[in-house]
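Residues per chain, in single letters:
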Amino acid sequence: MTLTCPECEGPVLLTEPVRLSEVAQCADCSSELEVVGLDPVTLDLAPEIEEDWGE
Ligand SMILES: [Zn+2]
């Protein structure tokens, strides 16, 4: 299914079945988008995760 990017309103393709917390990337603006709702499917900007886990 295709949703609308909340950032640039470009198309965002999601693989079905869509799951909560699934992350997709907008092809237009490269934003990371997280699925925050399923009925209807809602996208929100995913928080930027810095992969710096430390020790
Ligand atoms: Zn976008």
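Predicted model only: the values in this text are computed from it and were never measured. (Residues numbered from 1 in each chain as written. Predicted model: local features only at pLDDT ≥ 70, side-chain atom pairs only at ≥ 80, totals over all residues.)

Engineer: Any chance you could break down the sheet that holds strand E3 (residues 23–25) for me, citing the residues and the numbers?
Structural biologist: In a beta sheet, neighbouring strands pair by backbone hydrogen bonds and run either parallel or antiparallel. Read across the sheet, three strands follow the order E3-E4-E5 without closing on themselves; strand pairing throughout is antiparallel. In the strand order of this sheet, the two ends are held by E3 and strand E5 (41–45), each with one partner. Each neighbouring strand pair of the sheet contributes to a mean axis angle of 40 degrees, computed without reference to strand direction. Pairing analysis gives five bridges linking strand E4 (residues 32–38) to E5, with the strands arranged antiparallel. Residue pairing across strands places Gly 37 opposite Thr 42, the latter belonging to E5. (Pairing = 2+ DSSP bridges. Helix = DSSP H or I, 4+ residues; strand = E, 2+ residues; numbered from the N terminus. Axes fitted to C-alpha atoms, helices over the stretch in contact; angles between N-to-C directions.)

Engineer: Tell me about the nonpolar core, and please be specific about residues and values.
Structural biologist: Core analysis: the largest hydrophobic core is formed by five residues, namely Cys 5, Val 12, Cys 26, Leu 33 and Leu 43. The residues contacting Cys 26, other than those within four sequence positions of it, are Cys 5, Glu 7, Cys 8, Gly 10, Val 12, Ser 31 and Leu 33. (Core = buried A, V, L, I, M, F, W, Y, C linked by C-beta atoms within 7 Å. Buried ≥ 20, exposed ≤ 12 C-beta atoms within 10 Å, placed from the backbone. Contact = placed C-beta atoms within 7 Å.)

Engineer: Can you lay out the environment of Met 1 for me, pointing to particular residues and giving the numbers?
Structural biologist: Along the polypeptide, Met 1 turns up in the segment before strand E1 (2–4). Among the residues examined, Met 1 registers 10 C-beta atoms within 10 Å and is labelled exposed. Those residues in contact with Met 1 that lie beyond four places of it in its chain are Leu 14, Glu 16 and Val 18.

Engineer: Explain the pairing of E4 to me, using residue names and the numbers behind them.
Structural biologist: One ladder, built from three bridges, connects E3 with E4; its direction is antiparallel. Residue pairing across strands places Ala 24 opposite Leu 33, the latter belonging to E4. In this structure, the hairpin formed by E3 and E4 is closed by a connection of six residues, where Ser 30 is found at a positive phi of approximately 65 degrees. Linking E4 to E5, which pair antiparallel, is a turn of two residues.

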